[in-house]
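Next come the chains, spelled out residue by residue.
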Amino acid sequence: MRAIGAIFRRELSGYFVTPVAYVFLVIFLALMGALTFYFGAFYERGQADLGPFFGLHPWLYAFLVPALAMRLWAEERDTGTIELLLTLPVTTAQAVIGKFLAAWVFVLFALALTAPMWWTVNYLGEPDNGVILAAYIGSGFMAGGFLAIGSFVSALTRSQVVAFVIGFVLCFLFLMAGYPLVLDAFRGWAPQGVVDAISAMSFQAHFESIRRGVLELRDLIYFVGLIVFFLFANVTVIEMKKGE
């Protein structure tokens, strides 16, 4: 745990000494506010809830989280500091977990900065705060899922641009997996079991029930399982690169 903590502190402090963190926070908050108030018709709906706000989270995460994750390993490989990192008395798994947790905490910090939206709906009406809390928890886990995918992709290449593009495409596929447009493309030739499996992989399907206030264990297990899977794949890729 001490090694993970050291990596975590190193990475987290690194976010705030570069413009990347501040650019991410500004873009995240600006897009979240603008899209919620204008495209989500926040005031025109006349309802004291954050439905449009949370409805935007999967799409913003699919675009912004890969941009944050692209540097996690690609930058280390490009600058050659990965050799120095891996000579420290830490295992590859500890390094992967420490860097992932630092990035996840940073995304959760960005999410926490949207709290004024919650205060606003309480000022305007009487929302179901239990539903909003569940949606925040689900959003945090979903962000972790996107981040684990981005971290894994970042380990595959030394180019941050390539890591961003591939990460975005992969996150977008996980997001779209449950939509009828995608499922109908498989229903014509694939067994129903395959169609059901593709549908079950959708971020949107699992987050949709949570943001309505139904905090089911299976949805949380899905996001945790997905995070663990991609972190394991991340460790495997780094170990393979060490062998090369």
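Residues numbered from 1 in each chain as written. Predicted model: local features only at pLDDT ≥ 70, side-chain atom pairs only at ≥ 80, totals over all residues. Heavy atoms only, no water.

Glancing now at the pattern of salt bridges. Within the structure shown, the criterion is met by seven salt bridges. Here E75 ties to R71 by a salt bridge, and the two come within 3.3 Å at their closest N and O atoms. With a gap of four residues between them, E75 and R71 both fall in helix α4 (residues 71–79), about one helical turn apart. A residue is classified by how much of its surface remains accessible, and R71, at 17% relative accessible area, is buried. Linking R218 and E216 is a salt bridge whose minimum nitrogen-to-oxygen distance equals 2.9 Å. Looking at R218, the relative accessible area reads 58%, which means it is exposed. Residue E216 is classed as partly exposed on the basis of its relative accessible area, which comes to 31%. What emerges from the salt-bridge pattern is a single network uniting R10, E11, R71, E75 and K99. (Salt bridge = Lys/Arg side-chain N within 4 Å of Asp/Glu carboxyl O. Helix = DSSP H or I, 4+ residues; strand = E, 2+ residues; numbered from the N terminus. Buried < 20%, exposed > 50% of the residue type's maximum accessible area, 1.4 Å probe, protein only.)

Residues spaced three or four apart along an α-helix point in a common direction, a consequence of the helix completing one turn every 3.6 residues. Taking 1.5 Å of rise per residue, the 19 residues of helix α3 (residues 51–69) would be expected to cover 27 Å, and the 27 Å separating its terminal C-alpha atoms lies within 8% of that figure. The buried fraction of α3 amounts to 14 of the 19 residues, a majority that puts the element mostly inside the structure. (Expected span 1.5 Å × (residues − 1).)

Applying the stated rule across the entire model yields 28 aromatic pairs. Consider the rings of F63 and F164, whose centres lie 5.9 Å apart with planes at 80°: the pair is edge-to-face. Taken as a pair, F63 in helix α3 and F164 in helix α9 (residues 160–176) lie far apart in primary sequence, 101 residues in all. In this arrangement the basic side chain of R71 is found over the ring face of Y15, its NZ or CZ atom lying 5.2 Å from the centre. In this arrangement the basic side chain of K99 is found over the ring face of W73, its NZ or CZ atom lying 4.9 Å from the centre. (Phe/Tyr/Trp six-rings, centres within 6.5 Å; stacked < 30°, edge-to-face > 60°. Lys NZ or Arg CZ within 6 Å of the ring centre and 35° of its normal.)

Bringing the confidence of the model for the protein chain into the picture now. Per-residue confidence for the protein chain averages 85 on the pLDDT scale, and 98% of its residues sit at or above 70. Within the protein chain, helix α6 (residues 92–112) carries the highest mean pLDDT (93), whereas helix α5 (residues 81–87) carries the lowest (74). (pLDDT = per-residue confidence, 0-100.)

A few words now on the layout of surface pockets. Taken as a whole, the largest pocket encloses approximately 260 Å³ of empty space. Surrounding the largest pocket, 15 residues form its lining, V20, A67, L68, M70 and R71 being those nearest its centre. Secondary structure elements with two or more residues in the lining of the largest pocket: α2 (19–39), α3, α4 and α9. Here the lining of the largest pocket is built from residues that sort into 10 nonpolar, three polar and two charged. (1 Å grid on protein atoms, 1.4 Å probe; cavity = no way out; pocket = protein on both sides within 12 Å on 5 of 7 lines; lining within 4 Å. Points joined across faces, edges and corners; volume = space filled by probe spheres on them. Nonpolar A, V, L, I, M, F, W, Y, C, P; charged D, E, K, R; others polar.)

To continue, consider the packing of helix α1 (residues 2–15) against α6. Put simply, α1 and α6 touch, their axes get as near as 8 Å, and they point 40° apart. The angle between α1 and α6 falls in the class oblique. For α1 against α6, the interelement crossing comes out right-handed. From α1, A3, I4, I7, F8, E11, L12 and Y15 reach across to α6, where they touch Q94, A95, I97, G98, K99, L101, A102, A103, V105 and F106. (Axes fitted to C-alpha atoms, helices over the stretch in contact; angles between N-to-C directions. Parallel < 35°, antiparallel > 145°, perpendicular 65-115°, else oblique. Left-handed = near helix turned anticlockwise from the far one by under 90°. Contact = heavy atoms within 4.5 Å.)

To continue, consider a nonpolar patch on the surface. A contiguous nonpolar surface patch, about 420 Å² in accessible area, is contributed by F16, Y22, L29, F109 and L113. Mapped onto the secondary structure, L29 falls in helix α2. Overall, the relative accessible area of 30% leaves L29 in the partly exposed class. (Patch = residues over 30% accessible without salt bridge, like charges linked within 9 Å, V, L, I, M, F, W, Y side chains within 5 Å. Areas by Shrake-Rupley, 256 points an atom, 1.4 Å probe, with all protein chains shown as cover.)

A few words on the nonpolar core. Counting residues in each nonpolar core, the largest one holds 65 residues, and the members touching the most others are Y61, W73, F146 and F203. Residue contacts for F146: discarding those within four places in its chain leaves P58, Y61, A62, V65, C171, L175 and F203. Of all hydrophobic cores here, the second largest spans five residues; its members include A177, A190, V195 and I198. (Core = buried A, V, L, I, M, F, W, Y, C linked by side-chain atoms within 4.5 Å.)

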